[in-house]
Amino acid sequence: MEGKRILVTGGAGFLGSHLCDRLIADGHEVICLDDFFTGARANVAHLLDHPRFELMRADVNDRTIIDVDEIYHLACPASPIHYQRNPVRTIRTCVVGTLNMLELAREVHARLLIASTSEVYGDPTLHPQPEGYWGNVNPIGPRACYDEGKRCAEAVAVSFARQYGVAVRIPRIFNTYGPRMHPNDGRVISNFVVQALRGEPLTIYGEGEQTRSFCFVSDLIEGFVRLMGSGLDAEPVNLGNPDEHTIRAIAERVIAMTGSSSRLEHRPLPTDDPVRRRPEIARARAELGWTPRVPLEEGLGATIAYFRERLARGGYSS
Ligand code: NAD
Ligand code: UDP
């Protein structure tokens with residue numbers, strides 16, 4: 001297979017850095033574009049000297065022209081505390097940033113994958129969630145800047161596909177975890193693991209009866225690459241692990257696996273926090289031959305090992 005020139009926006013973030021690793025390993029030339037809003041150079045430090053890797057500090061809200069064959073557009077804060085910190089910036093990044101990437105793809109005839117999310121289903125009334133479900137989203141709530149921003153990103157992507165023939169791929173990503181999650185981004189797995197390793201209480205929002213289905217990062221990246229190479233044009237595809245757990249069960253599992261003496265502490269449930277979430281992945285199985293392989297126990301083990309090592313190095317003060 002001949003190497004391609006590939007742009008990864010948000011490439012210094014959690015998912016983006018793993019994707020850069022994968023694309024370099026597959027023999028491609030990778031341009032990683034990031035403004036470091038939530039990402040870090042450290043996530044791609046091991047690639048900086050690689051002859052087929054280039055790191056660019058830039059904001060996707062500014063127009064850029066780079067001649068590439070494919071674009072994986074991941075740039076956007078992803079955790080609720082990060083995307084709610086500056087909601088105007090979040091919605092601008094979702095909408096203007098995606099428009100800019102679509103214009104670029106149109107100009108250089110690149111194939112574009114945009115990272116959508118299970119948040120387009122909001123607090124779902126249908127369980128599990130298939131791609132045909134239109135969702136239950138509060139358009140003016142605190143999550144709206146992200147949920148509606150990503151819904152709009154999908155709408156502009158399919159509009160460019162219909163009107164200009166731009167080749168777009170749309171993964172709807174469900175909760176994904178693994179090494180290189182930001183320790184302070186407030187997502188549940190990183191929070192629980194860091195709290196357990198520090199011997200601090202694990203913060204359960206509400207009663208902990210809400211559910212999520214967690215996909216390990218390597219499985220998700222495999223799904224990205226298969227989707228990019230597929231013929232699934234302008235059709236959303238759920239990527240996630242259907243293995244569903246209550247948040248309380250996740251807390252108990254993390255305590256057991258870390259051997260921590262931490263206790264559980266309840267905090268108020270955030271507004272519009274979805275009650276249940278599980279992907280219906282029949283489309284990904286049938287069209288991409290994709291299925292998640294890494295069981296929770298194994299993925300949590302790798303994630304705990306990563307944070308244990310980072311904490312031991314004293315990497316996280318803020
Ligand atoms: P992350 O916060 O680790 O990575 C996002 C990256 O985008 C960061 O490196 C950040 O600095 C960069 N970025 C943000 N705004 C930017 C801008 N305007 N210009 C350039 N770079 C910018 O989050 P992640 O978990 O890696 O998520 C990556 C993508 O996947 C996001 O689009 C997110 O919405 C989507 N997603 C992730 C999950 C998940 O569980 N991790 C779930 C659903 C969707
Ligand atoms: N959550 C929790 N404690 C935490 C962080 C999150 O109980 O310290 C809950 C949160 O309320 C939600 C679930 O865990 O119900 C997943 O939260 P996360 O922010 O990881 O993802 P999202 O809500 O976007 O699915």
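Above: the structure in question.
Our subject in this report is the structure included herewith. The residue count restarts for each chain, going from 1 along the sequence in the order it is written. Chains and ligands are labelled by the order in which they are written, letters from A for the one and numbers from 1 for the other. Per-residue local features of the predicted model are confined to residues with pLDDT of at least 70, and side-chain atom pairs are confined, for both listing and counting, to 80 or more; whole-chain, interface and lining totals are unaffected and use all residues. The basis for the side-chain values is all heavy atoms of the structure; hydrogens and waters are excluded.

### A few points about the side chain of N43
Then, in step 1: Put simply, DSSP marks the helices as runs of H or I at least four residues long and the strands as runs of E at least two long, and each gets a number from the N terminus on. In this structure, N43 sits in the loop between β2 (29–34) and β3 (53–57).
Then, in step 2: Once residues lying within four places of it in the same chain are set aside, the contact partners of N43 are A12, G13, F14, S17 and R180. Only heavy atoms matter for contacts: two residues are in contact if any of them lie within 4.5 Å across the pair.

### Some points on the site of ligand 1
Then, in step 1: For ligand 1, the set of nearby residues contains 31 residues, the closest of which are L15, D34, T38, L74 and Y146.
Then, in step 2: Between an oxygen atom of ligand 1 and a side-chain N or O atom of T38, the distance comes to 2.6 Å.
Then, in step 3: Between ligand 1 and C76, the relevant distance is 3.4 Å, taken from an oxygen atom to a main-chain nitrogen or oxygen of the residue.
Then, in step 4: Listing elements by their share of the shell around ligand 1, those giving two or more residues are α1 (14–25), α3 (87–108), β6 (116–117) and α4 (144–164).
Then, in step 5: Grouping the constituent residues of the shell around ligand 1 by class yields 15 nonpolar, 10 polar and six charged. Here a residue counts as near a molecule or strand whenever at least one of its heavy atoms sits within 4 Å of it. N or O atoms closer than or at 3.5 Å make up a polar contact, with two conditions inside protein: a donor-capable atom paired with an acceptor-capable one, and, for residues adjacent in sequence, both atoms drawn from side chains. Three classes are used, and their members are as follows: Ala, Val, Leu, Ile, Met, Phe, Trp, Tyr, Cys and Pro are nonpolar, Asp, Glu, Lys and Arg are charged, and the others, Gly among them, are polar.

### Here's the deal with the site of ligand 2
Then, in step 1: The full set close to ligand 2 counts 18 residues, and V188, T203, R212, D273 and R277 are the nearest of them.
Then, in step 2: In this structure, an oxygen atom belonging to ligand 2 sits 3.0 Å away from a side-chain N or O atom of Q210.
Then, in step 3: Within the contact set of ligand 2, an oxygen atom lies 2.6 Å away from a side-chain nitrogen or oxygen of D273.
Then, in step 4: Here ligand 2 loses 95% of its free accessible area of 510 Å² to cover by the protein chains.
Then, in step 5: Elements with a contribution of two residues or more to the shell around ligand 2: α5 (188–198) and β9 (202–205).
Then, in step 6: A breakdown of the residues in the shell around ligand 2 according to their chemical character gives seven nonpolar, five polar and six charged. The method behind every accessible area is Shrake-Rupley, applied with a 1.4 Å probe, and residues are considered shielded solely by the protein chains displayed.

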